[in-house]
Every structure is written in C-alpha cells, then in structure tokens.
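A closer look at the structure
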Amino acid sequence: MKFGGTSLADAARIAGAAEIVRGRLARRPVVVVSALAGVTDLLARAVTAAREGARDELEPILADLSRRHSWATSGSVSSPKRRHDLDLEVGAIFEELRQILRSVRVLGEGTPRASDAALAFGEILACRIVTAALIDRGVAARALDAREVMITDGRHGAAEADLDEVTRRTGRVVPPCLAAGEVPVIGGFYGATPDGRTTTLGRGGSDTSAAVLGCALGAEEIEIWTDVDGIMTADPRRVPAARTCPVVSFAEAAELAFYGAKVLHPAAIAPAVRRKIPVRVLNSLNPSGAGTLVVEDPPGGTPPLVAVVSRDGVAAVRVSSRTLRIDPGFLSGVLQDLEAAAAVPDLVVFCETGVTVALPAAQVGDDLVSRLRMRGDVQVEGGRAIACIVGRGLARDAAVRVRVLAALAEHGPEVVALGGSSASAALLLPEGRLESAVRALHRAFFEQEAA
C-alpha cells in the first residue's frame, strides 16, 4: 500500500490513511509513504539556499518544514506520551537535516550525493509519523529505514533499484514483522547504495519503491493511494465528463503515463510487469471506491479504448536534409543529438526528406538546435500540444483504428502517429486547439459509449 503526498497532506489525511491500513490488516499490508504534500519541494529549495549561502532564505524554509510536521504529529497522534516521544524523534531528525544543510552551506556546493541525503528526509519524517499514527489507533506497526532494504546503484537523483538485492534484504527484514503481526512502514523515493550512501529514485519514485518492494515480497497486489478515483478517461480539469477506467492493461497504463496522465509514475509499471503483479489505483479520500485495476491482460469484454490524454508545452522541431534525400546515418545522428542534449522526444516522425520531433519546449535549447543544424535545415515551432487516444483496440481491431485516425484528422493535426506499442494514436496541434480537440475526442469515444 503506497500513500502519496496528497494522501498525507495534513493530520486529517494521515489519520484517514491509518484507518485505511487498519481495514486491510487481514491481508498483511506493507505500507510505503511519500513525503507530506509539498515537502520535497521545500527540501529542494533548502538545498539551493544552503548552497548559495542564503541563510535568510534557508531559515524560513526550515521553520515552515518544522511547523508542518509539528501540526501533522499533534493532529494525528492523540496519546500525550506517544506524541511527546514522536516530537523528540522528529526533532532529532530535523537536527540531522540541519547538519547536512550546514555542511552544504559551509562548503558552498550541493553535490548530488548531499542533495539526495537532504531530499530523503521528507519520506523519513513521514515514515515515523504514519507509524506513530497507526500505533495510536491500536495497529502494531514498525518503521523501517528504506536504506536497509531499497538497495540501488549510485546514480544520485535517478537511482535504479537492484531487485535481486532488494529481494534478499526484504526477505530478512519484512517477513519477521508480518509474522509478529506488525505492519512494516517504509519511506518511498529513497534508498542507498550497497556501501550505504543515500540515493533517490527521482520525482515520483515512491511509486517505484512500492512496485519494487511488492515484487520483492511477491505481493498479491500493489495499491497506489492518491487523491483521485483512479485512472480517468481524460483529465477532469479539461473534461468534466471524464470517468474512472475500471481496468487497463500495463501497456495502456505506460502509454497514459508517458503522454501526461499523472496518476501513475511511468517507472512504477516496469517492476510490476516483470512479476505480473496487479496494480490498483485508489482514492484515499474515497476509500470505498473500486479505483482502477492495472493488469497484464484485461479480461474479455473490456472497452477497446481507455482514455484520451494530453500534454501542452510542446515544441515541434523539424530537421530537413539539405540534399532532399536521407543519407545513411541521418536519423541515428538526430537521435544521438537529442540524447546528448538530454532531450526526450514525445513523437518522432520520419519521412524521405527529414524528421519531425515533438518534445517538451523546455528541452529545446541553443545547444540542441546548434547540433541539429550540423545535420540539416532546422525549424522550431513552439506553442504546440499533443493529444493521444490510448487503447489496446488500436492494435487489435482495424475498424477501431480507422475510427480513431478519422477522428484525429478532423482537428487539423500537423502530425499523426501510431505509437510503437500499437496501443496509442497521437496528434500534434497548436496549443490553442488542444482543449476543444480533447473534449471532442472524449465525446466521440467515451461519453457516447457511457450513454
């Protein structure tokens, strides 16, 4: 059971999460927690202020962090003695954080290693508070340090878990807790190298922590608790008629995450796919809801299409061959230039005279454009967006494919592309037309079906 930051935003939500866990005791839950909502951003600002020697900025951030966690402890733990003990523990953790930030300020540099060490404190604090909240409600619980079980490589800020080593470590630590009737509580997002250096798995990495731990333990299911009723047929902020998808496949969930659905972190899919463990996305504010079940192969009778997702803030980069023909190595050279500039494309469309790449506009810098101009003529057009229809029916049913491509064509797309997994079809268009396109596509494929 993984609880995200919005599910632990304040004392009331922490108490709600504890009640949800108490209702799952018969299934022997293992709990993974994110930092309280907004805490990781505050910690990142604290590292920046410390690196720049800005004590006048750093102290208010630390005071805000301390105040938020103090409110969380006072409102989620009723026993005066238990709350006193928790306050002492939280105070000691904050002192350790201050020492790390003090070292960063004195040295005037925040290495990736130091940054990871500081950023992990959000989850470390949340782990202690949620454990105390569970115990306060009569649930036997034990806080475990993720650095003892979540063993990763040394890529600070984007570490990858060593699933075999995590399996060995959790096998020694977690089963004894469960056998004793205890609920293990572990911070997500962070771990450690084999020699004990703190690492983080990247933003959204608590989903990955939950998936890796679920795989290592052979869990029957991985639950991702968030603040929406599961994976939706569209972004409800753009489409008020959006509804929850009951079941989606792993391939569909990966496509949805890639093209903008923020409920499930893309990296969380891979470990679950590897061990074929179902993932259920649930709403901690509506715990009785069924949510969305993500499985390898949905049962027969499930809809051929699951959602329309969208992303704005995109730029189209067109690289044209100056000879009007594609020489060997042209496409691979363009892809190498993208990789060298740390640019990750959303779409790549190749024709006989050049290549069009759609990618986040923030990734289109002078360095990338200069590299590409060595290949051919370059045209950059910002203010673009991507809308994408996702569903296994695109691969399995030609009639569905025809309907989707015809619907996409009605919106005057600059580019239309079927995804490599054959579970998505996307169009590139100006941002100003995105909202109307998404609503029209949702009406065509989801609202009529619901009616």
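All values derive from a computational prediction rather than experimental measurement.

1. A few points about the overall build of the protein
The number of helices and strands found in the protein is 15 helices and 16 strands. Taking 22 Å as the expected radius of gyration for a compact globule of 451 residues, we find that the protein reaches 24 Å, a close match to that expectation. Oriented by its inertia axes, the alpha-carbon framework of the protein measures out at about 75 × 55 × 40 Å. Classification of the 451 residues of the protein by burial places 50% in the buried group. Sequence-distant contacts in the protein: of pairs separated by 6 or more residues, those separated by 24 or more amount to 75%. For the protein, the exposed area adds up to about 19500 Å²; of that, 52% sits on carbon and sulfur atoms. Of note, the protein has its 51 positive side-chain charges centred 2 Å away from the centre of its 54 negative side-chain charges.

2. What about the packing of helix H4 (residues 80-107) against helix H5 (residues 112-119)?
Packing of H4 against H5 leaves a shortest axis separation of 10 Å and a crossing angle of 155°. Considering their axes alone, H4 and H5 lie roughly antiparallel with respect to each other. Remark: the crossing between H4 and H5 carries left-handed chirality. Between H4 and H5, the residues in contact are Leu97, Ile100, Leu101 and Val104 and Ala114, Ala117 and Ala118, respectively. For the contact of H4 with H5, a count of residues per class yields seven nonpolar, no polar and no charged.

3. Focus: the packing of helix H3 (residues 55-76) against H4
In a pair of packed helices, the angle between the axes and the distance between the axes together describe the arrangement. In the contact formed by H3 and H4, the axes pass within 11 Å of each other and the chain directions differ by 160°. In terms of their interaxial angle, H3 and H4 are classed as roughly antiparallel. For H3 against H4, the interelement crossing comes out right-handed. Here Arg55, Leu58, Glu59, Leu62, Leu65, Ser66, His69, Thr73 and Ser74 of H3 come into contact with H4, specifically with Arg83, Leu86, Asp87, Val90, Phe94, Leu97, Arg98, Leu101 and Arg105. By residue class, the composition of the contact of H3 with H4 is eight nonpolar, four polar and six charged.

4. Some thoughts on the sheet that holds strand E2 (residues 31-33)
With mixed pairing, the eight strands of this open sheet are ordered in space as E3-E4-E2-E1-E7-E9-E10-E8. Looking at the sheet topology across the chains shown, the edges are occupied by strand E3 (141-144) and strand E8 (247-249). Taken together, the three bridges between strand E9 (residues 279-283) and strand E10 (residues 292-295) define a ladder with antiparallel strand orientation. Within E10, the residue paired with Val281 across the bridge is Thr292. Helix H9 (residues 250-258) contacts E8, E9 and E10 of the sheet and is inclined by roughly 85° relative to E8.

5. A word on unusual backbone geometry
Peptide bonds are trans in most cases, and residues, glycine excluded, mostly fall at negative phi. Positive phi, normally seen in glycine, also occurs at Arg28, with a value near 55°. Structurally, Arg28 is set in the loop between helix H1 (11-22) and E2. Look at Arg28 and you get exposed, because its relative accessible area is 54%. Unusually for a residue other than glycine, Phe189 sits at a positive phi of about 75°.

6. What about the pairing of strand E11 (residues 307-320)?
Burial analysis of E11 places 10 of its 14 residues in the buried class, the great majority of the element. As paired strands, E11 and strand E14 (residues 377-390) are joined by 11 bridges and run antiparallel to one another. Directly across from Val314, in E14, lies its bridge partner Arg384. Inspection of the sheet shows E11 paired to strand E13 (residues 354-360) by seven bridges, in the antiparallel sense. Bridging across to E13, Ser320 finds its partner in Gly354.

7. Re helix H8 (residues 205-217)
The first and last C-alpha atoms of H8 sit 18 Å apart over 13 residues, in line with the 18 Å expected at 1.5 Å per residue. Within H8, 12 of the 13 residues are buried, which leaves it mostly tucked inside the rest of the structure. What H8 keeps buried is the set Gly205, Ser206, Asp207, Thr208, Ser209, Ala210, Ala211, Val212, Leu213, Gly214, Cys215 and Ala216. A positive backbone phi angle near 65° is found at Gly218, which sits one or two residues after H8.

About the thresholds
Residues numbered from 1 in each chain as written. Predicted model: local features only at pLDDT ≥ 70, side-chain atom pairs only at ≥ 80, totals over all residues. Heavy atoms only, no water. Helix = DSSP H or I, 4+ residues; strand = E, 2+ residues; numbered from the N terminus. Rg over C-alpha atoms; globule rule 2.2 N^0.38 Å. Buried < 20%, exposed > 50% of the residue type's maximum accessible area, 1.4 Å probe, protein only. Contact = heavy atoms within 4.5 Å. Areas by Shrake-Rupley, 256 points an atom, 1.4 Å probe, with all protein chains shown as cover. Lys, Arg positive; Asp, Glu negative; His and termini not counted. Charge placed at Lys NZ, Arg CZ, Asp CG, Glu CD. Axes fitted to C-alpha atoms, helices over the stretch in contact; angles between N-to-C directions. Parallel < 35°, antiparallel > 145°, perpendicular 65-115°, else oblique. Left-handed = near helix turned anticlockwise from the far one by under 90°. Nonpolar A, V, L, I, M, F, W, Y, C, P; charged D, E, K, R; others polar. Pairing = 2+ DSSP bridges. Expected span 1.5 Å × (residues − 1).

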